Amino acid sequence: MSAAFGAPLAAVVRLRGVLACMVVDEADGIVVASELHVGIDADVLAAVSAALFRGLRRSAEAAALSSVTYLQLEAERGFLCAAGHDGLVLVALAEPRAQMGLVRAAMMGAAEQLA
Amino acid sequence: MKPLVAEAWVEQPLERFVRDTRARFAIVLRTNGQVLGQYGFTRAVDVMSACALAAAIHGSAEALGRELEGAPFRELYHAGAQRQVFLAATAAVRGPVLLFCAFDAESSLGLVRMYFQEFRRAVLESVPEAPPPATSFGPDLERALHHNLAVLFGRGRQTPTA
């Protein structure tokens, strides 16, 4: 893992209920750095998350809402969160028991360190 | 737009791949350059050129991979200013096939790689058992190349199965 991304990833993945955190190239959907629990397919998660974030960012721009800072998707078995910065997307996967307020705060702080 | 195919088993995997990835162009071909299906092209000559180039690039990359790592390189990717291309081989019952696709900012390398894995599985499932083709690089190669191009662009008859 790149040392430059170690601190941002660690700040998120150490939170209770967070299963994975990764830095993804928004344009390519490729993993740049990651901290994952066993059993998570990083490539698939990165590709789909980046596509989702990119699509929503474009939608927001088309609707004159300016840039998307944070995205949270709630599903039956957990949460997918993403925060973008300078062409990179910080993606986290969390269980339903995770405290999403803390996760959001950690993600926003970590995303600012990505540049 | 639906893919045009020379062999029926290619249609479903190719159609799904281009739909999921939003690729602009895609070709499924044999490693000798014989086209099996295509999406996005309107002229036979473009398909012929793309197949020849893709087969040559794959052959070179395969040889280079063997030299460097003792095994062929699995996937090849080139990024342009607006468009990017992806080329990869996958096993099929009647011998390996190549998938060559071009995509732009509507898709991404990550998505293309992800859906290529689905394409790979679909190809293996959709090809019925059959003996390998007898004319891979034989004297009938040119005729075989032109036959499939003719089928794709409406000047020949589609082979109903593999």
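Calculation rules
- Residues numbered from 1 in each chain as written.
- Chains lettered and ligands numbered in written order.
- Predicted model: local features only at pLDDT ≥ 70, side-chain atom pairs only at ≥ 80, totals over all residues.
- Heavy atoms only, no water.
- Helix = DSSP H or I, 4+ residues; strand = E, 2+ residues; numbered from the N terminus.
- Buried < 20%, exposed > 50% of the residue type's maximum accessible area, 1.4 Å probe, protein only.
- Contact = heavy atoms within 4.5 Å.
- Areas by Shrake-Rupley, 256 points an atom, 1.4 Å probe, with all protein chains shown as cover.
- Expected span 1.5 Å × (residues − 1).
- Polar contact = N/O pair within 3.5 Å; in protein donor to acceptor, adjacent residues only side chain to side chain.
- Pairing = 2+ DSSP bridges.
- Axes fitted to C-alpha atoms, helices over the stretch in contact; angles between N-to-C directions.
- pLDDT = per-residue confidence, 0-100.
- Salt bridge = Lys/Arg side-chain N within 4 Å of Asp/Glu carboxyl O.
- Disulfide = S-S within 2.5 Å.
- Phe/Tyr/Trp six-rings, centres within 6.5 Å; stacked < 30°, edge-to-face > 60°.

> Would you take a moment to explain the overall build of chain B for this structure?
Helix and strand counts for chain B come out as four helices and six strands. If you list the helices and strands of chain B from N to C, you get β-α-β-β-α-β-β-β-α-α. A buried classification covers 45% of the 162 residues belonging to chain B. Across chain B, contacts joining residues at least 24 apart in sequence account for 61% of those joining residues at least 6 apart. Surface exposure of chain B reaches about 8500 Å², of which carbon and sulfur atoms provide 53%.

> Sorry, what's going on with helix α2 (residues 42-62) of chain A here?
An α-helix turns once every 3.6 residues. As a result, residues three or four positions apart point the same way. All names here are of chain A. Here α2 is 21 residues long and its end C-alpha atoms lie 30 Å apart, about the 30 Å a rise of 1.5 Å per residue gives. Of the residues making up α2, those classed as buried are Ala-42, Leu-45, Ala-46, Ala-47, Ser-49, Ala-50, Phe-53, Arg-54 and Ala-60. The backbone nitrogen of Asp-43 lies 3.2 Å from a side-chain oxygen of the residue at the head of α2, namely Asp-41. One or two positions beyond α2, positive phi appears at Ala-64, with a value near 60°.

> What is the right way to look at the sheet that holds strand β6 (residues 97-103) of chain B in this model?
Strand pairs in the sheet, formed through backbone hydrogen bonds, run parallel or antiparallel to each other. Residue and element names in this part refer to chain B. If you trace the six strands from one edge of the open sheet to the other, you get β1-β3-β2-β6-β5-β4, paired in antiparallel fashion. Looking at which strands have only one partner, the edges of the open sheet turn out to be β1 (4-5) and β4 (75-79). Here strand β2 (residues 25-30) runs beside strand β3 (residues 35-39); their pairing, made up of four bridges, is antiparallel. Of the residues in β3, the one forming a bridge with Ala-26 is Tyr-39. Running over the sheet, helix α1 (residues 11-21) touches β1, β2, β3 and β6 and is turned about 30° from β3. The sheet strands contacting helix α2 (residues 44-69) are β2, β3, β4, β5 (84-90) and β6, and the helix crosses β2 at an angle near 65°.

> I'm lost on the confidence of the model for chain A in this one. Help?
Any region with low pLDDT has predicted coordinates that should not be read closely. Overall, the predicted model of chain A reaches an average pLDDT of 92, with 97% of residues at or above 70. The element-level mean pLDDT for chain A is lowest in helix α1 (residues 6-13) of chain A, coming to 91, with strand β5 (residues 88-94) of chain A highest at 96.

> Would you explain the pattern of salt bridges in this entry?
Where side chains of opposite charge bring their charged atoms close, a pairing between them can arise. On inspection of all chains with the given rule, the structure shows 16 salt bridges over all chains. For Glu-61 of chain A, the salt bridge is made with Arg-57 of chain A, and the minimal N-O distance between the two is 3.1 Å. Residue Glu-61 of chain A and its partner Arg-57 of chain A are both found in helix α2; the two are separated by four residues, about one turn of the helix. For Glu-61 of chain A, a relative accessible area of 41% translates into the label partly exposed. Arg-16 of chain B is paired through a salt bridge with Glu-118 of chain B; the nearest N and O atoms lie 3.5 Å apart.

> I would appreciate a short explanation of the state of the cysteines in the present structure.
Disulfide: a covalent bond connecting the sulfur atoms of a pair of cysteines. As enumerated under the stated definition, the model contains zero disulfides over all chains in all. Just so you know, Cys-21 of chain A is unpaired, no disulfide at all, and the nearest cysteine sulfur is the one on Cys-81 of chain A, 9.3 Å from it. On the accessibility criterion, Cys-21 of chain A (0% relative accessible area) is buried. Here Cys-51 of chain B stays free of any disulfide, with the sulfur of Cys-101 of chain B as its closest cysteine sulfur at 14 Å. Here Cys-51 of chain B falls in the buried class, since its relative accessible area comes to 2%.

> Looking at this structure, I do not really get the packing of aromatic side chains. What am I missing?
The geometry of two aromatic rings is summed up by the distance between their centres and the angle between their planes. Residues and elements named next belong to chain B. Applying the stated criterion across every chain, the model contains five aromatic pairs over all chains. When the centroid spacing of 6.4 Å and the interplanar angle of 20° are considered together, the rings of Tyr-77 and Phe-103 count as stacked. Highlighted residues: Tyr-77 in strand β4 and Phe-103 in strand β6, separated in sequence by 26 residues. Judged by relative accessible area, Tyr-77 falls into the partly exposed class, the value being 28%. Judged by centre distance (6.2 Å) and plane angle (25°), the rings of Phe-116 and Phe-119 are stacked. Of this pair, Phe-116 and Phe-119 both sit in helix α3 (residues 109-126), three residues apart, which is roughly one turn of the helix. Each member of the pair Phe-116 and Phe-119 is classed as buried. Members of the aromatic cluster, each reached through a chain of ring pairs, are Phe-17, Phe-86, Phe-116 and Phe-119.

> Please explain the side chain of Gln-34 of chain B as it appears in this structure.
Relative to the helices and strands, Gln-34 of chain B is located in the loop between β2 and β3. Other than its neighbours up to four places away in sequence, Gln-34 of chain B contacts Val-28, Leu-29, Ala-144, Leu-145 and Asn-148 of chain B.

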